[in-house]
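The residues making up each chain are set out below.
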Amino acid sequence: MPSTSDAPRVSAKPPNNSGARAWTLADSEELYRVDQWGSGYFGVTPDGTVAVYPDADPNRSIDLHEVVSGLAARDLTAPIILRFPGILRHRMGALRNAFDTAISDSAYAGKYACVYPIKVNQERHVCESIRDSAAQLGFGLEVGSKPELLAGLSLTEGMNGMPLVCNGFKDHEYIETVIIAAKMGRNIIPVVEQAHELKLITRSARLHQVTPRFGVRAKLATAGIGRWASSSGFRGKFGLTVGEILHAVDYLEKEEMLAGLKMLHCHMGSQVFDIRAVKYMVSELAHLYVELVRRGVPIDTLDFGGGLGVDYDGTQSASDSSVNYTLDQYAADIVYRVKSICDDSGVPHPNLMSESGRALVAHSSVLVCEVLGSRVFPTEPDADLLKRALEQEDPPQPLLDAHGAFQQRDTGDIFEAYADAEHALSEATNLFTLGYMNIHARAACEEMFWSIGQAVLDRHRDELPDGLEHLTDTLADLYFLNVSIFQSLLDSWGIGQLFPIMPIHRLEEEPTRRGVLADITCDSDGRIDRFPGEDGVKSTLELHVPPAHDDAEPANPYYLGIFLTGAYQETLGDLHNLLGDSHAVHVELTEDGQWRIDTVVEGDTVSEVLSYVQFDPEDMRRRIRKDIEAALQVKRISLSEATSMRRFLDDGLKGYTYLE
Ligand SMILES: Cc1ncc(COP(=O)(O)O)c(C=O)c1O
């Protein structure tokens, strides 16, 4: 049976066959491919810890492990989300620069603005950071529901000029709020997603005597790409077909509201990984714009929606967790295409807008989790177990066969030894199931088989023969993380998205184990067994031997960082097993190079998550106390046991939902 990490039977071997050469920090950097996915925001410090460069300047860094240890000393324990507003500002600045450069290089006459879709990360502190930078950069916000509309209005209070684009399904109340906000002087732009919304807008505008600016979302023929491909195309949920747009124009003309139709919008799905899809979409939307302008529609802005992707696996390829283009190429392609189509047709260059969310916030959050321990397959069978099994009277043949194979492990043909042990184990399992083999013989067969498998891996990991490729996965260690994948990394579970994961310290030390990660939910799906690798995906992660967990004397925690988690992960999560929101902390780098904690948002307490599912913590406390008292009365438990139970109850209800 797999043993825990505390068991001393593990003889770790280097996973990369680096031989006798001493492990270096550069080896860790290369192994975890930090340069590939880090986009200049992450690196390795001389102390073997992960460095964060909020301004993408390697001379100004924050030591991630130092921050996590500092927070633990303040009782803010992992799992914890570390947000770096500096990275957020830098990403926004990079997007601004990319479009400004493309606009000036192409002598484009229009302007560019990004409106941040708050659904990508609605946490107030994140939105406020973005809003503050947006005010400086000429950006705005995008909302997609009634609650988001209210959030958007409150975030932009006193900022009448800041664009607020309103997408999503709309009812009378939604439209009414938007129209009155427009009358109040807000730069608010509802986008018509369904034909009937047009009527709501015209009716409300007439009632309040205002000519609002509004947009229409086009259902383009250009098929989306990747996981969110169905967001566009004729069968998409949102938007008006070209024919419906023409009807809408006729209708608006009749209603004398055509002057308000200022924006043409589309959205082809998130994480568009192939630049060719962007080019097609831009061309189609730009031609539609030209035709509508010729028809007399006063559109002055093209909004390309979201889709600007993130290179999660660092392969710069057209695959689900990557992108085959840069920010600069994205901007240059949009600007160049719109300009040439407009110039060819002799219509004015429109202003350009994007609703980029993922590309702005993904890099700015890191989820740090603690490894609670690991289970590893033994590299040597337990000597006592083997002796006991072999010394029995008349040992069963599969046991003898497995032992023969085991004796061949170090001297004979290792592949033959593996095949023999595999066969012997299968026969042993059958005999055991039929009641003809005892538990010791069965366990010895398993352990000998695993040890031969480990030997195959140690010697031939990089060139496993056909049929044995599965060994790396089959014999991988299982590392337990104090986190819930369902709460904090839903896209890893839900859509198999890759996130870069690596230890945030001990990088001067060779990681001698290979493992997959399991969370603390009671769900076998709560695991991560796909990691960014050189060819896209690898099934195990190189890890260090975790410290032994001894209750009396807690060991130095071993922390893993899960990177690029700022987009979508924080609010998509659920309360599986009632594991709640984790703590979140904003970390800033000061002018003099020190890190500073700016904002602390404490995670859910046990009481809070219980009340989300309509348990009343007070009532629970009363009931459990009553039970304790009853057990005390009949002397089932002692007074001190009752006290300790009550203390657990009181502390537990106030405490963090994760293991502390
Ligand atoms: C209408 C709209 N705009 C913008 C976005 C944000 O997309 P992304 O995060 O890919 O930039 C989305 C997300 O799917 C969306 O539906």
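Along each chain, numbering runs from 1 in the same order as the chain's sequence is written. The predicted nature of this model means local features are confined to residues of pLDDT at least 70 and side-chain atom pairs, given and counted, to a pLDDT of 80 or more, with totals for whole chains, interfaces and linings taken over all residues.

**Digging into the overall build of the protein chain**
Put simply, DSSP H or I for four residues or longer makes a helix, DSSP E for two residues or longer makes a strand, and each gets a number counted from the N terminus. Helices and strands together make up the secondary structure of the protein chain, namely 23 helices and 24 strands. By principal-axis analysis of the C-alpha atoms, the protein chain measures approximately 100 × 70 × 55 Å. In this scheme the burial state of a residue depends on its C-beta neighbours within 10 Å: 20 or more other such atoms mean buried, 12 or fewer mean exposed, and anything in between means partly exposed; the C-beta positions come from the backbone. A total of 660 residues make up the protein chain; the buried ones form 46% of that total. Contacts here follow a simple rule: the backbone-placed C-beta atoms of the two residues must lie within 7 Å. Sequence separation of 24 or more characterises 75% of the internal contacts of the protein chain that already satisfy a separation of 6 or more.

**Brief notes about the sheet that holds strand S6 (residues 112–117)**
Two strands form a pair only when DSSP identifies at least two bridges running between them. In spatial order, the strands read S6-S7-S8-S9-S10-S11-S12-S13; together these eight strands close into a barrel with parallel pairing. Neighbour to neighbour, the strand axes of the sheet diverge by 25° on average, direction disregarded. Alignment of S6 against strand S13 (residues 351–354), held across three bridges, turns out to be parallel. Residue pairing across strands places Tyr112 opposite Leu352, the latter belonging to S13. Lines fitted to C-alpha atoms define the axes here, with helix axes fitted over just the stretch in contact, and angles between the N-to-C directions of these axes take values from 0 to 180 degrees.

**Examining the site of the ligand**
We call a residue near a molecule or strand when the C-beta position, derived from backbone atoms, sits within 6 Å of it. Around the ligand sit 16 residues, and of these Ser270, Gly306, Glu355, Gly357 and Arg358 come closest. Its residues assigned to classes, the shell around the ligand comprises five nonpolar, nine polar and two charged. Three categories are distinguished: nonpolar for Ala, Val, Leu, Ile, Met, Phe, Trp, Tyr, Cys and Pro, charged for Asp, Glu, Lys and Arg, and polar for the others, with Gly belonging to the last.

**Observations regarding helix H3 (residues 64–73)**
Looking at H3, one finds that the buried residues are Leu64, His65, Val67, Val68 and Leu71. Down the axis, H3 shows its buried residues gathered within 160° of arc, on one side only. The arc under discussion is defined with respect to the helix axis, by the directions toward the C-beta atoms.

**Structural notes on the sheet that holds strand S3 (residues 50–52)**
The three strands are arranged S2-S3-S4 in an open sheet whose pairing can be described as antiparallel. Edge positions in the sheet fall to strand S2 (42–44) and strand S4 (62–63), since each of these pairs with one other strand and no more.

**Focus on the pairing of S6**
Across the six residues of S6, six count as buried, placing the element largely inside the fold. Residue alternation in S6 divides its side chains into two sets, Tyr112, Cys114 and Tyr116 and Ala113, Val115 and Pro117, and both sets are buried. Relative to strand S7 (residues 140–143), S6 runs parallel, the two being bridged by three bridges. Residue pairing across strands places Tyr116 opposite Leu141, the latter belonging to S7.

**What to know about the domain arrangement of the protein chain**
For the domain bounds, the source is a domain assignment made automatically or taken from a database. On domain assignment, one finds that the protein chain holds domain 1 (191–356), domain 2 (383–473) and domain 3 (616–654). Relative to domain 2, the C-alpha centre of domain 1 lies at a distance of 62 Å.

**What to know about the packing of helix H22 (residues 617–633) against helix H23 (residues 639–654)**
At their nearest, the axes of H22 and H23 sit 10 Å apart, and the two run at 170° to each other. Classified by the interaxial angle, the pair formed by H22 and H23 is roughly antiparallel. On H23, the residues touching Pro617, Arg621, Ile624, Arg625, Ile628 and Leu632 of H22 are Leu639, Ala642, Met645, Arg646, Leu649 and Leu653. In terms of residue class, the contact of H22 with H23 is made up of nine nonpolar, no polar and three charged. Orientation labels follow simple angle bins: below 35 degrees gives roughly parallel, above 145 gives roughly antiparallel, 65 to 115 gives roughly perpendicular, and whatever is left gives oblique.

**Comments concerning the pairing of strand S17 (residues 513–518)**
With five of its six residues buried, S17 lies for the most part within the structure. Sheet analysis places strand S15 (residues 477–481) next to S17, joined by four bridges and oriented parallel. Each residue of the ladder has a partner; that of Tyr479, found in S17, is Leu517. Looking at chain direction, S17 and strand S21 (residues 541–543) are connected through three bridges and run antiparallel. For Arg514, the partnering residue across the bridge sits in S21 and is Glu542. In this structure, S17 lies alongside strand S18 (residues 527–528), joined through two bridges in antiparallel fashion. Each residue of the ladder has a partner; that of Leu517, found in S18, is Ile528.

**Let's talk about the packing of helix H4 (residues 85–105) against helix H5 (residues 124–137)**
Viewed as axis vectors pointing N to C, H4 and H5 meet at an angle of 30°, and their least axial separation amounts to 10 Å. It follows from the interaxial angle that H4 and H5 lie roughly parallel. Here H4 and H5 pass one another in a crossing that is right-handed. Together, Pro85, Leu88, Arg89, Met92 and Arg96 of H4 and Ser129, Ile130, Ser133 and Leu137 of H5 make up the contact between the two elements. When the near helix sits turned anticlockwise from the far one by under a right angle, the crossing is termed left-handed; a clockwise turn instead gives a right-handed crossing.

**Quick look at the nonpolar core**
Core analysis: the largest hydrophobic core is formed by 144 residues, its most contacted members being Leu285 and Val368. If sequence neighbours within four positions are ignored, Leu285 has contacts with Ala218, Leu220, Leu264, Cys266, Leu302 and Phe304. Formed by 24 residues, the second largest nonpolar core is a distinct cluster that contains Val376, Leu425, Ala428 and Ile452. Each nonpolar core consists of buried Ala, Val, Leu, Ile, Met, Phe, Trp, Tyr and Cys residues. Their C-beta atoms, within 7 Å, join them into a set.

**Focus: H4**
Take the number of residues in a helix, subtract one, and multiply by 1.5 Å to get its expected span. Between the first and last C-alpha of H4 there are 30 Å, a value that for 21 residues agrees with the 30 Å anticipated at 1.5 Å per step. Within two residues after H4, Ala107 carries a phi angle of roughly 50°, on the positive side.

**Some remarks on unusual backbone geometry**
Apart from glycine, the bulk of residues carry a negative phi angle, and the bulk of peptide bonds sit in the trans form. The amide bond that connects Ala78 to the next residue, Pro79, takes the cis arrangement and shows omega of 10°. As for its placement among the helices and strands, Pro79 is situated in the loop between H3 and strand S5 (80–83). Residue Ala107 is not a glycine yet carries a positive backbone phi of 50°. Looking at the secondary structure, you find Ala107 in the loop between H4 and S6. Given 8 C-beta atoms within 10 Å, Ala107 falls into the exposed group.

**Focus: the environment of Leu88**
Along the chain, the position of Leu88 falls in helix H4. A tally of 25 C-beta atoms within 10 Å means that Leu88 is categorised as buried. In this structure the C-alpha to C-alpha distance between Leu88 and Ala421, which are 333 residues apart in sequence, comes to 55 Å.

**Description of the confidence of the model for the protein chain**
Summarising the model, the protein chain shows a mean pLDDT of 93, and 94% of its residues fall at 70 or more. Every residue gets a pLDDT, meaning the predictor's confidence in that residue, from 0 to 100. Confidence drops under a pLDDT of 50 for residues 1–14, and excluding neighbours within four residues, the segment shows 30 contacts in the predicted structure.

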